[in-house]
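# Structural characterization, general
What follows is each chain in one-letter form.
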Amino acid sequence: MTTFPLIRTKWSSEHIMAELFFVLLLYLLPGWIKSPSSILGFLAVLSLGLFIDTSINYIRYKKPICAVSAAVTAAILDILTPGIPLSGKLMGIAFALIIGKHIWGGTGKNILNPGVTGLLFVSMIFDIKSQAPSPTFLLFLALLLSLRFITFRPFAALGIMAGMVLALAYRQELSLNQIVTYGVVFWGCILATDPVTVTPNPYFGLILGLLSGLIPLLLGDVPFYMALGLLLLNIASYALDIFSVKPLINPARYKIKRAIPYFDEDKSVKDLTEQENSPVEKSPTLEANEILRRIQHNGVFGMGGGAFPTFQKINTAIMSNAADKHLIINGVECDPGLIHDKWILKSFPDEICKGIELLSKCISFKSVTIAVKSPKGLNFPDNLKVYTVSDYYPAGAEKHLIKEVLNIKLPYDAVPASQGILVLNVQTVYSIYEAVIKNLKINARYLTLANIKEGAGMVVRVPLESRVMEIVNSIYPQYSFAFCGGGVMQCHTATEDEVIGKNINFIAVSDFPHYKESYLCSKCSFCNIRCPEGLRVNKIAELVDNNELDKLNPYHPERCLSCGICSFGCPAGKNLSSRVKTAKEYIINS
Amino acid sequence: MIKFNRDFFTGKEILFIGYSSRNNAFSKSIYQAFMNNGIKVYPVNNKANASFDIKVYRNLGELPTVPSCAFVLANKNNAKTIVNELSGKGVKRVLFQNSKYVDHDIFDICNKNGIETAVGCPMMIFGNGMHRVHAFLAGVKR
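These remarks concern the structure in this document.

Our focus in this paragraph is the interface of chain B and chain A. Each partner contributes residues to the interface: chain B has seven residues there, and chain A has ten residues. Scanning the region where chain B abuts chain A turns up one salt bridge. Where Lys-40 of chain B meets Glu-496 of chain A, a salt bridge forms, and the shortest distance between an N and an O atom there is 2.3 Å. The interface formed by chain B and chain A includes two residue pairs in polar contact (both at pLDDT 80 or more). No other element matches helix H1 (residues 24–36) of chain B, which puts four residues into the side of chain B that touches chain A.

In structure tokens, the structure reads:
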């Protein structure tokens, strides 16, 4: 079943392009004030651009497609070709959109920047004096807002700006006025940050950007050289993109705002199990064998979402030849929709300590650590190490947690327990306490029940195998459908007869998230940069969409953690994680 | 034929005949628009090989309950069979996606069987952006 995050970024590719278009209008504004009739010329170029783009897209997709990118191209061309006849501009926009964009397959598939392609064409026919708008204080806001786009391709942008500044310094023309005159900010922040045509690779981006900013200005100050330089950068970026298959080594860490807030009152806790949580009068003294037998017999399983039998996991750690063994209690709760793990840590410190004590009877640990995002409100004895992990998503993923807490980097296919590192979810440790001390079968669990619309959540204790919709209707009777899964980032639509399985620790009522599944991937690479495993998500998704599954092997989709962060942040509104899941299943099955 | 507006969906449940996997994004957007507005949807598609993310019923017999309102997004050639079947199950209101999916014979059959009909895209009622413009141009009150 397809899983998806219930929450999504508010930004779409069209929003970003619309914002860019607004900034470009600010660049045009001084010219319009000086010569109001030039507005008509711009409107003519814009109209032709929109007509060409809309028509070709309609022929290609058989439906209307947003043409804001064509408006951006028209504005870029109008800014870079001042003083040429309108006919030249009209030829330029037609050339830019047909040869620079649609001949390659349309938005997101072009290898050349359409605006710069149009500029190159026009500069071969007409004598263009300037490669940027004339400096005036009216440009201040445009220059300032341009800086926002640097985030898309920071290295290439910095490279080209540094290259241009170096060239100006070499020519002994370096001044603030000349920086604006030569359009250093415009070329760096607007043209070199086009995610479709410029590489996201930091090293190559910086070097290629530097060269494409430096050499053209050393050759001369005509826009032809600048355009040629940037188009060569585009071609080099395309070549790099073809050969980039390996996962990124140091993917960025990304924090996601919580979907529901934490709470402190016990009134937000509900027990639907009708089981009494009776206190234990006296803890029995048990040997390791009996502890393990009770863990196995009472069916303790991984409550973090893995649902793996805990007995097997502990047994693997016991059998491990590792000299030093470690226990990490995972209370990180990195998913922005979960609240029950922290509640358990706050509410049952004695039970968790007892669980740790039981585990320590089975395995002699060198270190025992409780990993949390924030130790605030926790009440554990001083001899127990509480480690505060960095606040990013997914900090709670097993191998990420090990790297963070123990500074041990395990290969993606390594089993931590076989390396002597036992990572257990906090509720699993609580279950060990119940299974061993109370000798209870584990047939219920705590989970988070969230109302995403209202930003509210509660902790509920539910019997396993109870129906999801019955639980939802007991709290939120007005909702006829719900979502469930491992967290707000990994949900699926709950079916009518869906029951609480071992891997469900989150239920939510919410509107369907808006995945518009746009055709127009802008290759922003947010999916690649944010993927905690550094996977080339956009490439994997493209291969899945094109049904070229046999080409997936070098991209290692099997390393996917199913965290859903790629779907969360995709401005094209694609549910990328479902595509990577398809790829992962294909690789594992083949 | 009655005027299409929000009141058409007073039953809070609707049958979605012709929930398509071929045109999944469109079907899904309509499905989600209904659900997000508190209308429970029972999608139906008789294609055995259709692959869906949500529970889709193969025929009306599989349904746990038959709502009194239906939305039809199916081929015009199948409309007569669909309408007769819906009538047999006690459906009282049928909304057709647009005039391409229905002709006057079908309206006559519906009239004879006491079924109220309307033509219009549900997104005009529940959608935003261009759907609002579409509703305005079509004179549909949201």
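Here the focus is the state of the cysteines. Such a bond, covalent and formed between the sulfur atoms of two cysteines, is termed a disulfide. Residues and elements named next belong to chain A. Considering all chains together, one arrives at zero disulfides over all chains under this definition. With no disulfide of its own, Cys-353 lies 16 Å from the sulfur of Cys-362, the closest cysteine sulfur. Counting only cysteine sulfurs, Cys-524 is the nearest neighbor of Cys-570, a cysteine outside any disulfide, at a range of 6.4 Å.

We now examine the pattern of salt bridges. All names here are of chain A. Applying the stated criterion to the full structure yields 23 salt bridges over all chains. Note that Lys-89 is salt-bridged to Asp-78, the shortest N-O span being 2.8 Å. Here Asp-78 lies in helix H3 (residues 68–80) and Lys-89 lies in helix H4 (residues 86–98), a separation of eleven residues in the sequence. On the accessibility criterion, Lys-89 (12% relative accessible area) is buried. Of the charged contacts in the structure, one is a salt bridge between Lys-438 and Glu-434, with a shortest N-O distance of 3.9 Å.

Here we come to the packing of aromatic side chains. Aromatic ring pairs are described here by two measures, namely the spacing of the ring centres and the angle between the planes. Residues and elements named next belong to chain A. Tallied over the full model, the rule gives 32 aromatic pairs over all chains. Between Phe-4 and Phe-483, the ring centres sit 5.9 Å apart and the planes meet at 80°, which makes this aromatic pair edge-to-face. Residue Phe-4 is found in the segment before helix H1 (13–34), and its partner Phe-483 is found in strand S8 (residues 483–487); the two are separated by 479 residues along the sequence. The class of Phe-483 is buried, set by a relative accessible area of 0%. A ring pair is formed by Trp-343 and Tyr-446, whose centres lie 5.1 Å apart and whose planes are at 55°; its orientation type is tilted. Of this pair, Trp-343 sits in helix H14 (residues 340–347) while Tyr-446 sits in strand S6 (residues 444–451); the two residues are 103 residues apart in sequence, bridging distant segments of the chain. For the pair Trp-343 and Tyr-446, one class covers both residues: buried. Between the NZ or CZ atom of Arg-148 and the centre of the ring of Trp-11, over which it lies, the distance is 5.0 Å.

Further remarks concern unusual backbone geometry. Residues and elements named next belong to chain A. Residue Pro-394 is reached from Tyr-393 by a cis peptide bond, and omega for that bond is 0°. For Pro-394, the location among the structural elements is in the loop between strand S4 (385–388) and helix H16 (398–406). In this structure, Glu-333 is a non-glycine residue whose phi angle is positive, near 50°. Tracing the chain through its elements places Glu-333 in the loop between strand S2 (326–331) and H14. For Glu-333, a relative accessible area of 4% puts it in the buried group. Notably, Lys-523 is not glycine yet its phi reads approximately 55°, a positive angle. Inspection of the secondary structure puts Lys-523 in the loop between strand S10 (506–509) and helix H19 (526–530).

Residue and element names in this part refer to chain A. Taken together, the side chains of Phe-155, Leu-158, Tyr-203, Phe-204, Leu-206, Ile-207, Leu-211, Ile-215 and Leu-219 present a nonpolar region at the surface, about 890 Å² in accessible area. When residues of the nonpolar patch are traced back to their parent elements, those giving at least two are helix H7 (154–170) and helix H10 (202–219). Counting residues per element, the nonpolar patch draws most heavily on H10, at seven residues. Position of Phe-204 among the secondary structure elements: in helix H10.

Calculation rules
Positions within a chain are numbered from 1, following the residues in the order the chain's sequence is written. Numbering of ligands from 1 and lettering of chains from A proceed in the order in which they are written. The predicted origin of the model limits local features to residues at a pLDDT of at least 70 and limits the giving and counting of side-chain atom pairs to 80 or more, whereas totals for whole chains, interfaces and linings rest on all residues. Computation of side-chain values: all heavy atoms of the structure, hydrogens and water removed. Here a residue-residue contact requires only that any non-hydrogen atoms of the pair lie within 4.5 Å. Salt bridges are defined as contacts in which a side-chain nitrogen from Lys or Arg sits within 4 Å of a carboxyl oxygen from Asp or Glu. Here a polar contact is taken to be a pair of N or O atoms separated by no more than 3.5 Å, where protein atoms must pair a possible hydrogen donor with a possible acceptor and residues adjacent in sequence count only if both atoms sit in side chains. Strands here mean DSSP runs of E at least two residues long; helices mean DSSP runs of H or I at least four residues long; both are numbered from the N terminus. The disulfide criterion used throughout: a pair of cysteine sulfur atoms within 2.5 Å. Only protein chains enter the accessibility calculation, which uses a 1.4 Å probe; a residue whose area is less than 20% of its type maximum is buried, one above 50% is exposed, and one in between is partly exposed. Ring pairs are drawn from Phe, Tyr and Trp, using the six-membered ring of Trp, whenever the two centres fall within 6.5 Å, and their geometry is named by plane angle: stacked under 30 degrees, edge-to-face over 60, tilted for the rest. Whether a charge sits over a ring comes down to the Lys NZ or Arg CZ being within 6 Å of the ring centre and within 35 degrees of the ring normal. Patch definition: residues above 30% relative accessible area lacking any salt bridge, with like charges linked at up to 9 Å and the nonpolar side chains Val, Leu, Ile, Met, Phe, Trp and Tyr linked at up to 5 Å. For every accessible area listed, the method is Shrake-Rupley and the probe measures 1.4 Å; residues are considered covered only by the protein chains on display.

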